[in-house]
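Tertiary structure, described
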Amino acid sequence: MIPSASALLDWYERHRRDLPWRAPPGGRTPPYHVWLSEIMLQQTTVVTVKPYYSRFLSRYPTIEALAKAPQEDVLAAWAGLGYYTRARNLHACAQQIAALGAFPSTVPALRALPGIGDYTARAIAAIAFGVPVVPVDGNVERVTSRLFAIDTPLPAARRLLAQQAAILNTEPAAQANASDFAQALFDLGATICTPRAPTCILCPWQPHCSAYAQGIAEKLPVKAPRGAKPQKYGACFVLRDRHGAVWLRRRPEKGLLAGMTELPGTNWRLEAWSEQEALSHAPAQAEWREVGFVTHVFTHLTLQLTVYDAQISEFRSHPLGEGFSCSVQALEAQALPSVMRKCLALAGLP
Ligand code: SF4
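Now for a quick tour of the structure. Predicted, not measured: the structure shown is a model, and the values here were computed from it. Each chain has its residues counted from 1, running along the sequence as written. Residues qualify for local features only when their pLDDT is at least 70, as the model is predicted, and side-chain atom pairs are given and counted only at 80 or more; totals for whole chains, interfaces and linings, by contrast, use all residues. Heavy atoms from the whole structure form the basis of all side-chain values; hydrogens and water molecules are not counted.

1. As for the overall build of the protein chain
What the protein chain contains, in helices and strands, is 15 helices and 6 strands. If you line up the protein chain on its principal axes, its C-alpha atoms span 75 × 45 × 30 Å. Whether a residue is buried, partly exposed or exposed follows from its accessible area with a 1.4 Å probe, protein chains only, as a fraction of its type maximum: under 20%, in between, or over 50%, in that order. The buried share among the 350 residues of the protein chain stands at 49%. What makes two residues a contact is simply this: any of their non-hydrogen atoms within 4.5 Å. Put simply, 67% of the contacts in the protein chain that link residues at least 6 apart link residues at least 24 apart. Neither His nor the chain ends is counted toward charge; the positive residues are Lys and Arg and the negative residues Asp and Glu. Where a charge sits is defined by one atom per residue type, namely NZ (Lys), CZ (Arg), CG (Asp) or CD (Glu). Counting 34 positive and 27 negative side-chain charges, the protein chain places the centres of these two groups 3 Å from one another. Note on conventions: DSSP H or I runs of at least 4 residues are helices, E runs of at least 2 residues are strands, and numbering of each starts at the N terminus.

Printed below as a string of structure tokens:
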């Protein structure tokens, strides 16, 4: 049985979350703001995103301003949020939208843009343009699996969950209020139908929920067991001159952390590096000192980097290879990913 859209919309009116990217009741969030928040929220929590979102918008208040900015500046504004392909796609997408002259409003036209998948296209179409579609993220998958007591393990259940979620908005109230309905679903999943200990007692859909009736809400959705992430190892080098400047370099344009700034170092491999082996990749002959190691978890791997530091008098007088000098004061503005900031912090740098 399809649960009542009106019951959910009534609940949303009373309990909606106050979020910086959310328009006040009766208003409609501009597509730029929906898009930016949705991209930032991929693999990142609301609490982490809030300050980044506000800073990013004050730096790039319009899509045109974002489109005109150099990519390095956009990456620097993104630094710390991780998953940097999102920032590169955001920039490329802003350029396409600026060239089009308007933000596309249909799901197929939105999907044609860089970095916009099915979920994000539906979220923008529903929230910003009132198109009656259901965006299916992790929250909506969870709510749907419980409403219909679907116990097929994820990811195999994804298609079935999307089909079932798509019928949640068939009632005219949901069709007429597509923006609120989509956001109400997100809020229900984020605040009531939570992964652990859902508060079914407060849920507007409890009378229609099969998982609740069967007492299995917390067991759903079922997830297939994951394989362990591979562990990789590397070393990086914090080289300073007598003025305190640090030697940095740019990562290649393709692959993990593409185009970001980094400390010079070894490549990352499955086998640990001996000190002798690692130091053969140091950018200069110097008195290298091991200062410890940093562990960082990426989506597909866990990385352990051994950090060495050393000081030389002048960068100029050494054949350092590709890279550039950066003063301590300018480090903050660099597009340094979190893993590199951890390495710098270990060596006592901001
Ligand atoms: Fe989720 Fe419980 Fe509501 Fe069912 S009744 S949708 S399990 S919060």
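Having seen the structure, we can now continue with the description.
2. Some thoughts on the packing of helix α9 (residues 138–147) against helix α10 (residues 158–166)
For helices, the axis comes from a line fit to the C-alpha atoms of the stretch in contact; other axes are also lines fit to C-alpha atoms, and the angle between any two N-to-C directions lies between 0 and 180 degrees. Taken N-terminus to C-terminus, the directions of α9 and α10 make an angle of 80°; their axes are 9 Å apart at the nearest point. Relative to α10, the element α9 lies roughly perpendicular. Residues Val-140, Glu-141, Thr-144 and Ser-145 of α9 pack against Arg-158, Leu-161, Gln-164 and Ala-165 of α10. When an angle is under 35 degrees it counts as roughly parallel; over 145 it counts as roughly antiparallel; between 65 and 115 it counts as roughly perpendicular; any other value is oblique.

3. What to know about the pairing of strand β5 (residues 302–311)
Every other side chain in a regular strand lies on the same face of the sheet, so the side chains alternate between the two faces. Taken across its 10 residues, β5 has 8 buried, putting it largely inside the fold. In terms of strand pairing, strand β1 (residues 231–240) meets β5 through 10 bridges, oriented parallel. Its bridge partner being in β5, Ala-235 is matched across the sheet by Thr-306. Inspection of the sheet shows strand β4 (residues 289–297) paired to β5 by 8 bridges, in the antiparallel sense. Considered in β5, the bridge of Thr-295 is made with Gln-304. Pairing between strands requires that DSSP locate at least two bridges from one strand to the other. In this antiparallel pair of consecutive strands, β4 and β5, the connection spans 4 residues.

4. Observations regarding the side chain of Asp-137
Locating Asp-137 in the fold gives a position in the loop between α8 (118–129) and α9. Salt bridges are absent for the buried Asp-137, whose nearest opposite-charge side chain, Arg-142, sits at 7.4 Å. As used in this structure description, the phrase polar contact means that two N or O atoms lie within 3.5 Å; if the pair is within protein, one of them must be able to donate a hydrogen and the other to accept it, and residues adjacent in sequence are counted only when both atoms belong to side chains. There is a polar contact of 2.9 Å between the side chain of Asp-137 and the backbone nitrogen of Val-140. The contact partners of Asp-137, leaving out residues within four places of it in the chain, are Tyr-119 and Phe-186. One speaks of a salt bridge when a side-chain nitrogen belonging to Lys or Arg is within 4 Å of a carboxyl oxygen belonging to Asp or Glu.

5. Regarding the site of the ligand
Residue proximity to a molecule or strand is established when one non-hydrogen atom of the residue lies within 4 Å of it. Looking at the ligand, the residues that line it are Arg-146, Ile-192, Cys-193, Cys-200, Cys-203, Gln-206, Cys-209, Tyr-212 and Ala-217. The residue classification treats Ala, Val, Leu, Ile, Met, Phe, Trp, Tyr, Cys and Pro as nonpolar and Asp, Glu, Lys and Arg as charged. All others, Gly included, are polar. Here the shell around the ligand is built from residues that sort into 7 nonpolar, 1 polar and 1 charged.

6. Here's the deal with unusual backbone geometry
A cis amide bond links Leu-154 to the next residue, Pro-155, at an omega of 5°. Examined against the element boundaries, Pro-155 turns out to sit in the loop between α9 and α10. Of note, the amide linkage connecting Leu-220 to Pro-221 takes the cis form, showing an omega dihedral of -5°. Looking at the element boundaries, Pro-221 is found in the loop between α13 (210–214) and β1. A positive phi is found at Gln-43, a non-glycine position, where the angle reads about 60°.

7. Here's the deal with helix α5 (residues 71–78)
For α5, the full list of buried residues reads Val-74, Leu-75, Ala-76, Ala-77 and Trp-78. The inward-facing, buried residues of α5 contact α2 (31–41), α3 (46–59), α4 (63–68) and α6 (85–100). In the stretch just after α5, Gly-80 is the one whose phi turns positive, near 105°.

8. Things to note about the packing of aromatic side chains
Here is the rule: rings of Phe, Tyr and Trp (six-membered ring for Trp) pair when centre to centre is within 6.5 Å. Planes less than 30 degrees apart are stacked, more than 60 are edge-to-face, and the remainder are tilted. Within the structure shown, the criterion is met by 11 aromatic pairs. Relative to Phe-186, the ring of Tyr-119 has its centre 6.1 Å away and its plane inclined at 55°; by these criteria the two rings are tilted. With Tyr-119 in helix α8 and Phe-186 in helix α12 (residues 178–192), this pair connects stretches of sequence that are 67 residues apart. Per residue, the accessibility class of Tyr-119 equals that of Phe-186, and both read buried.

9. What about the pattern of salt bridges?
Under the definition given, this model contains 13 salt bridges. Measuring nitrogen to oxygen at the nearest pair gives 3.2 Å for the salt bridge that ties Asp-118 to Arg-122. Remark: Arg-122 and Asp-118 occur in helix α8; sequence separation between them is 4 residues, near one turn of the helix. Across the pair Arg-242 and Glu-314 runs a salt bridge whose closest N-O atoms are separated by 2.4 Å. Taken together, the positions of Arg-242 in the loop between β1 and β2 (246–250) and Glu-314 in the loop between β5 and β6 (324–326) put the pair 72 residues apart, joining distant regions of the chain. Counted as one network, the salt bridges with shared partners bring together Arg-17, Arg-22 and Asp-187.

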